[in-house]
Structure formats: C-alpha cells, structure tokens
Amino acid sequence: MSKREEFIAFINTLKTVSPAITDEQRIGLLRQAGQQYGLTVDAATEILKASGLVIGQGVNYFEVLGLSIAEIQNRSETGITTLVETAHKTRYSASLRAGARLRPDGKTEEQWRMLLNEARDTLIDAKRRREHINALEHDEADISVEENVDILLKSADIPETMIQELRHNGVTSDVDAPADMVFIPAGEFQMGSRDEKASDSEKPVHTVYVDAFYMDKYLVTNEQYKAFLDENPQWRKPQLFKDRIPTEYHDGAYLNHWDRTTYPKGEIYHPVTKVGWYAAMAYAQWIGKRLPTEAEWEKAARGGLDGKQYPWGDAVDLNKANYAYNAHGTTPVGRYPANGYGLHDMSGNVWEWCLDAYDADFYMNSPRRNPFSGTNTPEWVTANFRSIQSARVLRGGSWLMDPQGIRVAYRFRGSPSDTHSAFGFRCVIPMNP
C-alpha cells in the first residue's frame, strides 16, 4: 500500500468515528499528511475533499459555560477571568462527579470536559475572546488562517515548503478525539536508540507499525484520581478505612502524601503520584481506557519526529520539560509545551506506567506490528491485571532524572506494586480494541 493509500485509509477510518471536523482540525490532518505520509498540501486537500468529511462546526463557548456575551460587558479582565474560571470550575467538577456516563447530548463526560477547557482557555484570553465573539456574530472561524499557520510555526518542526503551501492554500489541530485526548495515527516509526550512551535494552533500532489510538493529552491528575477514589473506595490509601487498597497491590507508600482522601494542598492539577501499576490499571479500567503499550507510548512521545532524543528534538532544554530537579518536584500538567501530536509532559515530570511486561531483550525479537512484551495479549492483561506479578515498563523519565533519563527511548522497570513520588500515568483508547 502506498503512502497516499495509507492516508486515504486513515481518513476513511476517521470518518467512521467523526464525520465532521473543525477547520482547526483540518490543518492537523494536513500536517499529518506531510509529516507521516509525505504528501503535499494540495494532494492531502484533494483527499479530504473527496472523503466527504464535513468541515466547520461552530461552538458557542459562552453557552458551554452557561454565560452570555452581555455578562462580560463593562467588566475588567480580572473580573472576566474570575467569572469564567468560576463557571468552568462548577461545570467541570459536576462532570467529574458524573463518572464515565454518556450525556443527553451524546457526548461522554470526558468529551464535555475537553469542551469546557477549550471554552475557558478561549474566554479568559482577551484576544481569542474577541475573535470568538466576532466569529459568533459573523459565523466565521474563530482563528484566522495566518494565525493558525503562526501557531504551527511555533509548535512543530514543519518544513518551510509545507508552511508556504499552507499559506498559499489558505487552510488552517488534531483529529477529533475524546475529551482531553489526541489522535495518534496508525503507521510506522523507528523504535529504540542509536545513541552511543543508550543502554543495550534500547537497541537495536527497529521498525514498528502501531495501529491508531487516542492518548490522554495530559498525565492523570490528583483531581481526576480523587474522583476515581470517591467512586471506588476499595482503592483508597490504607489509613483507618474499612475499604482500602489490598496490601498486595502496593508497597506501603501508596498515596502516603495525601491527607486521608485529599491530595496535597495546591496540587489539584499536578499529576497523581505514588500510585503503582495495579492502581493505574484500575483507574484506566474505571474510566473506560487502558494503559499504553510501550510501542504506543514511544510512537506518541516522538510526536512524528523519528530519530530524535527528545519529543522536541535533540537539544536538552529546561524550558520544555520538568527534569533535573529544576522545579524541585512535580509541576501542573500542561505547563510545558506539547510535542508534535499535542501531548504534554512526554519527557519529565513523572514516569509513566505502560501495559507491557519489562524485557530488556525484547527489541532483539520484537514483532513488527503492534509489539507487546509478555506471554499474553493486551486484552488479557487488561482484564486480568490483578493476577499479574511480573515487572512492568515505565517510560518518560521524571523531575528527578538527568537529560539522559528523559530521552524518549529510555526504558525503566518497576514492580507492579511499586509506588514513588515520581511514578504516574496516562491512558489510551485503542481504535481497534
């Protein structure tokens, strides 16, 4: 199958999941067409036109937050921010308490929370808010073509020729996805490292094909994990509770920095830590997802950049990740720039549990398509995780690690019961479960 045919198949798969995309999402598809499939913008645009995808869906962010344009008139920027943040917090908290139900409007609660976040981020930014109001009044896109191209210039390594094509064609990020998740397209990538300092477990570099999947844009936060504990008391910390986590699922330090059922003050949006693989698996199962395979994780972390040391390139940069004690602990998710797929904290902040069993020699005989280490399938492990005892994979490094330890190819191992102040996780949803 040619690269063009692969892109067409990808678009057809997308259409079965989301028949309509926004203009902002269209530019994400064009970017993927260039980076992943080697197509020109003209060629990709023709494929999109022929696919029958509906492009352009207006959303009134004021209505999403239960506000109106009139309510912000004559308010200071501080007053508007307070109003928006209060409305967002009220609706976001209600959504978290609702669990994983399907809403009356057909959205999942996760999709609704992503929309709430988009609304908040748009309305507290004076420039974006003005553009959104203009769009609502004139039924136009809320961000101009030129500004979208500028965003791409700043956020991804896009060839100058493609940027010029984008400007010439007047088109404007990611494929439609569940709330706070991004779409990772199917395709091949080079897994592992050729770095002379890399460990043997990272070698040899080998070609891997991974099916499409969705991945959490951010690490799972304290706030999200508390919502899980509130509905699943059997996973609470072992502190004077009748219902609490079984001793075999932790090493004694599970959530020991929490005050009973409450996370540390001021760390609502920090990644949850001191959770072992068992607890991460339980959360993922509750929310309707699973942990990523090691191959899925590395493909996503690379953000479309093959052969690079870090999600952003080869040069270390304290402005792009939390590592080497530069923040003296975890930082709120999303503080550092996203990679090419729109994922935050893929290097640093906290280590991320993966689904696979750890095998230092796995790359020597790794399957080419959807590799998974261990004697069982991802589906079996997900359904029977409580019976697992073998070591599991951790990826991404943490705030404690030096630059060598936050490389995208770096592999680490941990017992499934291990908890640590630098261990966290994020989840995925496979397209072909």
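Placed above this text is the structure.
Anyway, here's the lowdown on the structure attached to this text. No experiment lies behind these values; they were computed from the predicted model shown. (Residues numbered from 1 in each chain as written. Predicted model: local features only at pLDDT ≥ 70, side-chain atom pairs only at ≥ 80, totals over all residues. Heavy atoms only, no water.)

Focus: helix α13 (residues 294–302)
How we decide: Exposure classes here rest on a 1.4 Å probe applied to the protein chains alone. A residue is buried below 20% of its type maximum, exposed above 50%, and partly exposed in between. Put simply, DSSP H or I for four residues or longer makes a helix, DSSP E for two residues or longer makes a strand, and each gets a number counted from the N terminus.
Of all nine residues in α13, nine are buried, a share of seventy percent or more. The complete set of buried residues in α13 reads E294, A295, E296, W297, E298, K299, A300, A301 and R302. Of the residues one or two after α13, G303 is the one with positive phi, at around 60 degrees.

Quick word on the sheet that holds strand β11 (residues 428–430)
Selection rule: Strands were regarded as paired on the criterion that DSSP finds at least two bridges between them. Note on method: axes are straight lines fitted to C-alpha atoms, helices fitted across the in-contact stretch only, with angles between N-to-C directions ranging 0 to 180 degrees.
Strand order in this open sheet of three strands is β3-β6-β11, and the pairing throughout is antiparallel. Among the strands making up the open sheet, the edge pair consists of β3 (181–184) and β11. Within this sheet the neighbouring strands show an average axis-to-axis angle of 20 degrees, counted without direction. Pairing of β3 with strand β6 (residues 213–216) involves four bridges; the strand directions are antiparallel.

Description of the nonpolar core
Short version of the rule: Nonpolar core, defined: a set of buried Ala, Val, Leu, Ile, Met, Phe, Trp, Tyr and Cys residues in which side-chain atoms within 4.5 Å join the residues together. Contact between two residues is taken to exist if any of their heavy atoms lie within 4.5 Å; hydrogens are not considered.
Within the largest apolar cluster, 56 residues are counted, with the highest numbers of intra-cluster contacts made by Y225, W235, Y254, W277, Y283 and F425. Residue assignment for this core shows that the elements contributing at least two residues are α4 (61–64), α6 (77–97), α7 (109–123), α11 (222–231), α12 (277–287) and β7 (351–357). Per element, the largest residue contribution to this core is 10 residues, and it comes from α12. With sequence-adjacent residues up to four places away left out, Y225 is seen in contact with V220, Y254, L255, W258, V272, V275, A279, Y283 and F425.

Points about the packing of aromatic side chains
We count it as follows: Between rings of Phe, Tyr and Trp, where Trp is taken as its six-membered ring, a pair exists when centres lie within 6.5 Å; planes separated by under 30 degrees are stacked, by over 60 edge-to-face, and by other angles tilted. Over a ring means this: the NZ of a Lys or the CZ of an Arg is within 6 Å of the ring centre and within 35 degrees of the ring normal.
For the structure shown, the criterion picks out 24 aromatic pairs. Residues Y283 and F425 carry aromatic rings whose centres are separated by 5.5 Å and whose planes lie at 70 degrees to one another, so their mutual orientation is edge-to-face. Of this pair, Y283 sits in helix α12 while F425 sits in the loop between β10 (423–424) and β11, and the two are 142 residues apart along the sequence. F425 sits in the buried class, given a relative accessible area of 0%. An aromatic cluster of three or more residues is present, and its members are Y225, F228, W258, Y263, Y283, W286 and F425. If you follow R392 out to its NZ or CZ, it ends over the ring of W277, 5.0 Å from the centre.

Re the sheet that holds β7
Ordered in space as β9-β8-β7-β10, the four strands form an open sheet in which the pairing is mixed. Two strands in the sheet have a free side with no partner beyond their single neighbour: β9 (411–414) and β10. The pairing of β7 with β10 spans two bridges and is classified as parallel. For W351, the partnering residue across the bridge sits in β10 and is F423.

Details of the environment of K197
One can find K197 in the loop between β4 (187–191) and β5 (206–210). For the pair K197 and Q404, spaced 207 residues apart in sequence, the C-alpha to C-alpha distance is 8.3 Å.

A look at α11
In an α-helix, one turn spans 3.6 residues; hence positions three or four apart end up facing the same way. By the criterion of burial, α11 is predominantly enclosed, with seven of the 10 residues buried. Every buried residue of α11 is accounted for by N222, E223, Q224, Y225, A227, F228 and L229. Summarising the contacts, the buried residues of α11 are in contact with α6 and α12.

As for the side chain of K299
What counts is decided by this rule: Under the convention used here, Asp and Glu are negative, Lys and Arg are positive, and both His and the chain ends fall outside the count. We define a salt bridge as a contact between a side-chain nitrogen of Lys or Arg and a carboxyl oxygen of Asp or Glu at a distance within 4 Å.
Here K299 shows up in helix α13. For the buried K299, no salt bridge exists, and the shortest N-O distance to an oppositely charged side chain is 7.3 Å, to D306. In contact with K299, not counting residues within four places along its chain, are Q36, I184, P185, A186, G187, E188, F189, V210 and Y341.

A short note on the pairing of β6
What you see with β6 is no split at all: F213 and M215 on one side and Y214 and D216 on the other are buried throughout. Alignment of β6 against β11, held across three bridges, turns out to be antiparallel. Pairing of M215 across the sheet is with V428, part of β11.

Quick word on the pattern of salt bridges
Two side chains of opposite charge can pair, provided their charged atoms sit close to one another. What the rule picks out here adds up to 15 salt bridges. One salt bridge connects E294 with R411, and the closest N-O pair in it is separated by 2.6 Å. One end of the pair, E294, is in helix α13; the other, R411, is in strand β9, with 117 residues separating them in the sequence. Taken as a pair, E294 and R411 share a single burial class, namely buried. A salt bridge links D314 to K308; the shortest N-O distance between them is 3.8 Å. Counted as one network, the salt bridges with shared partners bring together E294, E298, R302, R395 and R411.

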